[in-house]
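Structure assessment
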Amino acid sequence: MALAVKGPIHFGPFVVTSQVFHLTPLSFALVNLKPILPGHVLVSPRRVVPRVSDLTPSETTDLFLTVRRVGRMVERVYGASSLNIAVQDGVEAGQSVPHVHAHIIPRKKADLDARGGTDAVYDMLDGEEGDLGKQYRQRRTRFPAVDNEERRPRSMEDMEAEARMLAKEMEGEAVD
(Lines give C-alpha, C1' and ligand atoms only; values in the text may rest on other atoms or scores of the structure.)
Protein backbone atom coordinates (compact mmCIF):
# COMPACT_ATOMS: atom_id res chain seq x y z
CA MET A 1 0.00 0.00 0.00
CA ALA A 2 1.39 3.42 -0.93
CA LEU A 3 0.81 6.37 1.35
CA ALA A 4 -1.12 9.31 -0.06
CA VAL A 5 1.40 12.11 0.28
CA LYS A 6 0.93 15.67 -0.93
CA GLY A 7 4.29 17.04 -1.97
CA PRO A 8 7.76 15.76 -1.15
CA ILE A 9 8.88 14.75 2.34
CA HIS A 10 12.37 15.91 3.30
CA PHE A 11 14.82 14.41 5.76
CA GLY A 12 17.11 17.40 6.09
CA PRO A 13 18.07 18.29 2.51
CA PHE A 14 17.16 14.84 1.14
CA VAL A 15 13.83 13.86 -0.46
CA VAL A 16 12.73 10.59 1.17
CA THR A 17 9.05 10.44 0.21
CA SER A 18 9.14 6.87 -1.11
CA GLN A 19 10.91 5.61 2.04
CA VAL A 20 8.15 6.91 4.35
CA PHE A 21 5.81 4.28 5.80
CA HIS A 22 3.84 6.29 8.35
CA LEU A 23 2.58 9.87 8.49
CA THR A 24 0.92 11.93 11.16
CA PRO A 25 0.03 15.60 10.83
CA LEU A 26 3.41 16.56 12.34
CA SER A 27 5.74 13.53 12.00
CA PHE A 28 6.79 10.76 9.66
CA ALA A 29 8.52 7.39 9.94
CA LEU A 30 10.89 6.11 7.29
CA VAL A 31 13.00 3.07 6.61
CA ASN A 32 16.73 3.39 7.03
CA LEU A 33 19.22 3.46 4.16
CA LYS A 34 21.76 1.49 6.17
CA PRO A 35 20.11 -0.21 9.14
CA ILE A 36 22.23 -1.38 12.07
CA LEU A 37 19.84 -4.31 12.59
CA PRO A 38 16.73 -5.44 10.66
CA GLY A 39 13.84 -3.09 11.40
CA HIS A 40 16.03 -0.05 12.24
CA VAL A 41 13.80 2.89 11.28
CA LEU A 42 13.70 6.64 11.89
CA VAL A 43 10.96 8.98 13.11
CA SER A 44 11.25 12.68 12.35
CA PRO A 45 9.11 15.82 12.48
CA ARG A 46 7.68 16.90 9.14
CA ARG A 47 9.09 20.39 9.65
CA VAL A 48 12.85 20.39 9.06
CA VAL A 49 14.46 21.59 12.29
CA PRO A 50 17.96 20.71 13.47
CA ARG A 51 17.53 20.39 17.25
CA VAL A 52 14.96 19.04 19.72
CA SER A 53 14.83 22.49 21.34
CA ASP A 54 13.57 23.88 17.98
CA LEU A 55 10.41 21.74 18.12
CA THR A 56 7.10 23.23 19.18
CA PRO A 57 5.33 21.53 22.10
CA SER A 58 2.85 19.97 19.63
CA GLU A 59 5.67 18.65 17.43
CA THR A 60 7.46 17.22 20.47
CA THR A 61 4.34 15.41 21.64
CA ASP A 62 3.52 14.06 18.19
CA LEU A 63 7.12 12.96 17.56
CA PHE A 64 7.38 10.91 20.74
CA LEU A 65 3.88 9.45 20.49
CA THR A 66 4.85 8.37 16.96
CA VAL A 67 8.11 6.90 18.28
CA ARG A 68 6.10 4.89 20.82
CA ARG A 69 3.60 3.63 18.24
CA VAL A 70 6.19 2.78 15.56
CA GLY A 71 8.39 1.16 18.22
CA ARG A 72 5.59 -1.20 19.23
CA MET A 73 5.05 -2.15 15.61
CA VAL A 74 8.71 -2.83 14.71
CA GLU A 75 9.20 -4.80 17.92
CA ARG A 76 6.25 -7.00 16.95
CA VAL A 77 7.10 -7.31 13.23
CA TYR A 78 10.81 -8.06 13.76
CA GLY A 79 10.30 -10.39 16.73
CA ALA A 80 12.29 -8.19 19.10
CA SER A 81 12.16 -8.20 22.88
CA SER A 82 13.56 -4.68 23.39
CA LEU A 83 14.27 -1.43 21.56
CA ASN A 84 17.06 1.09 21.37
CA ILE A 85 15.56 4.53 20.92
CA ALA A 86 18.20 7.17 20.29
CA VAL A 87 18.23 10.87 19.47
CA GLN A 88 21.56 12.46 18.59
CA ASP A 89 20.80 16.14 19.24
CA GLY A 90 23.50 18.22 17.55
CA VAL A 91 26.73 17.65 15.65
CA GLU A 92 28.84 16.99 18.75
CA ALA A 93 26.31 14.32 19.79
CA GLY A 94 26.81 12.50 16.48
CA GLN A 95 23.88 13.94 14.51
CA SER A 96 24.78 13.65 10.83
CA VAL A 97 21.60 15.03 9.22
CA PRO A 98 20.48 18.47 10.48
CA HIS A 99 16.90 17.33 11.07
CA VAL A 100 15.65 15.99 14.39
CA HIS A 101 15.18 12.23 14.21
CA ALA A 102 14.82 9.30 16.56
CA HIS A 103 16.40 5.97 15.69
CA ILE A 104 14.26 2.97 16.63
CA ILE A 105 16.28 -0.24 16.61
CA PRO A 106 14.57 -3.56 17.48
CA ARG A 107 16.78 -5.71 19.70
CA LYS A 108 17.01 -9.42 20.44
CA LYS A 109 19.11 -11.35 22.93
CA ALA A 110 22.74 -11.60 21.78
CA ASP A 111 22.03 -9.78 18.47
CA LEU A 112 25.30 -7.81 18.58
CA ASP A 113 27.53 -10.27 20.42
CA ALA A 114 29.73 -10.64 17.34
CA ARG A 115 30.19 -6.83 17.24
CA GLY A 116 31.12 -6.40 20.91
CA GLY A 117 27.88 -6.93 22.80
CA THR A 118 24.69 -5.09 23.60
CA ASP A 119 26.25 -1.61 23.83
CA ALA A 120 28.02 -1.88 20.45
CA VAL A 121 24.95 -0.18 18.98
CA TYR A 122 26.11 3.16 20.39
CA ASP A 123 29.47 3.04 18.63
CA MET A 124 27.68 1.99 15.45
CA LEU A 125 25.30 4.96 15.68
CA ASP A 126 28.09 7.40 16.47
CA GLY A 127 30.72 6.12 14.06
CA GLU A 128 31.26 6.29 10.34
CA GLU A 129 28.61 3.64 9.69
CA GLY A 130 25.93 5.74 11.38
CA ASP A 131 26.64 8.84 9.28
CA LEU A 132 23.36 8.97 7.36
CA GLY A 133 24.10 12.36 5.85
CA LYS A 134 27.24 11.03 4.22
CA GLN A 135 25.42 7.96 2.93
CA TYR A 136 22.57 10.04 1.42
CA ARG A 137 25.04 12.44 -0.23
CA GLN A 138 26.99 9.53 -1.69
CA ARG A 139 23.78 7.85 -2.86
CA ARG A 140 23.07 10.87 -5.06
CA THR A 141 26.32 10.16 -6.89
CA ARG A 142 25.34 6.46 -7.17
CA PHE A 143 28.69 5.40 -5.68
CA PRO A 144 28.02 4.84 -1.97
CA ALA A 145 31.00 4.04 0.21
CA VAL A 146 30.70 0.85 2.16
CA ASP A 147 32.32 0.90 5.59
CA ASN A 148 31.91 -2.78 6.37
CA GLU A 149 30.65 -5.92 4.72
CA GLU A 150 27.64 -6.33 7.02
CA ARG A 151 26.04 -2.91 6.41
CA ARG A 152 25.69 -2.09 2.75
CA PRO A 153 23.47 0.79 1.65
CA ARG A 154 20.24 -0.71 0.41
CA SER A 155 18.69 -0.13 -2.98
CA MET A 156 15.76 2.22 -3.36
CA GLU A 157 13.66 -0.78 -4.41
CA ASP A 158 14.49 -2.64 -1.18
CA MET A 159 13.67 0.41 0.95
CA GLU A 160 10.40 1.04 -0.89
CA ALA A 161 9.36 -2.61 -0.47
CA GLU A 162 10.06 -2.46 3.27
CA ALA A 163 8.18 0.86 3.51
CA ARG A 164 5.12 -0.72 1.84
CA MET A 165 5.25 -3.71 4.20
CA LEU A 166 5.61 -1.50 7.30
CA ALA A 167 2.82 0.83 6.13
CA LYS A 168 0.51 -2.19 6.00
CA GLU A 169 1.63 -3.25 9.49
CA MET A 170 0.98 0.26 10.84
CA GLU A 171 -2.65 0.00 9.70
CA GLY A 172 -3.22 -2.61 12.40
CA GLU A 173 -1.34 -0.74 15.13
CA ALA A 174 -3.63 0.78 17.76
CA VAL A 175 -3.83 4.55 17.96
CA ASP A 176 -3.23 5.79 21.49
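Residues numbered from 1 in each chain as written. Predicted model: local features only at pLDDT ≥ 70, side-chain atom pairs only at ≥ 80, totals over all residues. Heavy atoms only, no water.

1. A closer look at the overall build of the protein
Scanning the protein from N- to C-terminus turns up four helices and seven strands. Element order for the protein, N to C, with α for helix and β for strand: β-β-β-β-β-α-β-β-α-α-α. Within the protein, the proportion of its 176 residues that are buried is 47%. When contacts within the protein are restricted to residue pairs at least 6 apart in sequence, those whose partners lie at least 24 apart make up 61%. (Helix = DSSP H or I, 4+ residues; strand = E, 2+ residues; numbered from the N terminus. Buried < 20%, exposed > 50% of the residue type's maximum accessible area, 1.4 Å probe, protein only. Contact = heavy atoms within 4.5 Å.)

2. Regarding the side chain of Thr24
As for its placement among the helices and strands, Thr24 is situated in the loop between strand E3 (20-23) and strand E4 (27-31). Within the structure, the side chain of Thr24 is placed 2.4 Å from the side chain of Asp62, a separation counted as a polar contact. (Polar contact = N/O pair within 3.5 Å; in protein donor to acceptor, adjacent residues only side chain to side chain.)

3. What to know about the UniProt feature "active site" (unreviewed entry) in the protein
According to UniProt, the "active site" (unreviewed entry) feature falls on His101. Structurally, His101 is set in the loop between strand E6 (82-87) and strand E7 (102-107). According to the relative accessible area criterion, His101 is buried, its value standing at 2%. (UniProt positions renumbered as here; feature names shortened; annotations may be inferred.)

4. Thoughts on the pairing of E4
Counting buried residues in E4 gives five out of five residues, a clear majority hidden from the surface. Across the two faces of E4 the burial is the same, with Ser27, Ala29 and Val31 and Phe28 and Leu30 all buried. Here three bridges tie E3 to E4, and the two strands are oriented antiparallel to one another. Bridge pairing in E4 places Leu23 opposite Phe28. Taking the residues that link successive antiparallel strands as the turn, the E3-E4 hairpin has three residues. Here E4 runs beside strand E5 (residues 41-45); their pairing, made up of five bridges, is antiparallel. In the strand pairing of E5, Ser27 is matched with Pro45. (Pairing = 2+ DSSP bridges.)

5. What to know about the environment of Arg152
You can see Arg152 is positioned in the loop between helix H3 (132-140) and helix H4 (156-171). Classification of Arg152 by relative accessible area gives partly exposed; the value is 46%. Arg152 sits 118 residues away from Lys34 along the chain, and the two C-alpha atoms are 6.3 Å apart.

6. Digging into helix H1 (residues 57-77)
An ideal rise of 1.5 Å per residue puts 30 Å on 21 residues; H1 measures up with 30 Å between its terminal C-alpha atoms. Along H1, the residues that are buried comprise Glu59, Asp62, Leu63, Thr66, Val67, Arg69, Val70, Gly71, Met73 and Val74. Those residues of H1 hidden inside the fold are in contact with E3, E4, E5, E6, E7 and H4. Two residues or fewer past H1, Gly79 is found with a positive phi of approximately 60°. (Expected span 1.5 Å × (residues − 1).)

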